[in-house]
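# Observations on chain architecture
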Amino acid sequence: MRAEEVLLPKLQDAIVSFERELQLERDCSPHTVRAYCTDTRSLLTHLQRMSGTSLRDLDLTVMRSWLAKQHTLGAARTTLARRAASARAFTAFAHRRGLIDTDPGAQLASPKSLRPLPAVLSAQQAASVVDGSVGDSPLQVRDR
């Protein structure tokens, strides 16, 4: 981490409090805690790069900019979705604790993961099902 990427103490304190909540109050797995805290650190580092000095500077524009940068760097859709979820969880936490006035994460959309289409029958397979050439045993008739 470069010297200019060291978080301001108040931003670092917010991550520590968020980590404590994830561990103790929400009983998240160690993997989830690590991922969410890493994502939050990345978000707050991005906030600082955009001249933000407090959590109150964190808004929807900053979060969208952060996700856009991650996309540009080649992050997968599933990773972007998790990072958006991390940001939403963090801003909800910060809002509940009074660290920010509104919850900008509530308006943050995340990319949907791609779901492949199911395999389809070839024309020959479909024709064999329709004309009954698959067989006539009770199981074959049922399956047809």
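These numbers come from a predicted model, not from an experiment.

Before going further, it helps to examine the side chain of Q48. Inspection of the secondary structure puts Q48 in helix 2 (residues 30-49). Taking relative accessible area as the criterion, Q48 reaches 16% and is therefore assigned buried.

The subject of this paragraph is the packing of helix 2 against helix 4 (residues 77-96). At a closest axis distance of 9 Å, the pairing of helix 2 and helix 4 adopts a crossing angle of 80°. When the interaxial angle is binned, helix 2 and helix 4 end up roughly perpendicular. Between helix 2 and helix 4, the residues in contact are A35, Y36, D39, T40, L43 and L44 and R82, R83, A85, S86, A87, A89 and F90, respectively.

Before going further, it helps to examine helix 1 (residues 9-25). Compared with the 24 Å implied by 1.5 Å per residue over 17 residues, the 23 Å span of helix 1 between its first and last C-alpha is a close match. Residues L11, A14, I15, F18, E21 and L22 constitute the buried set of helix 1. Along helix 1, the residues classed as buried sweep out an arc of 120° about the axis, all on the same side. Turned more than 90 degrees away from the buried face of helix 1 sit P9 and L24, all of them exposed.

Scoring rules and cut-offs
Along each chain, numbering runs from 1 in the same order as the chain's sequence is written. Per-residue local features of the predicted model are confined to residues with pLDDT of at least 70, and side-chain atom pairs are confined, for both listing and counting, to 80 or more; whole-chain, interface and lining totals are unaffected and use all residues. To get the side-chain values, all heavy atoms of the structure are used, and hydrogens and water are removed first. Only DSSP runs of H or I covering at least 4 residues are called helices, and only runs of E covering at least 2 are called strands; the numbering of each starts at the N terminus. Only protein chains enter the accessibility calculation, which uses a 1.4 Å probe; a residue whose area is less than 20% of its type maximum is buried, one above 50% is exposed, and one in between is partly exposed. Axis geometry follows a simple rule: fit a line to the C-alpha atoms, using only the stretch in contact for helices, then measure angles between N-to-C directions, giving values from 0 to 180 degrees. Just so you know how the angles are binned, under 35 degrees is roughly parallel, over 145 roughly antiparallel, 65 to 115 roughly perpendicular, and the rest oblique. The contact criterion used throughout is that any non-hydrogen atoms of two residues lie within 4.5 Å. Between the first and last residue of a helix there are one fewer steps than residues, each counted as 1.5 Å, and that sum is the expected span. The directions from the helix axis to the C-beta atoms form the arc being described.

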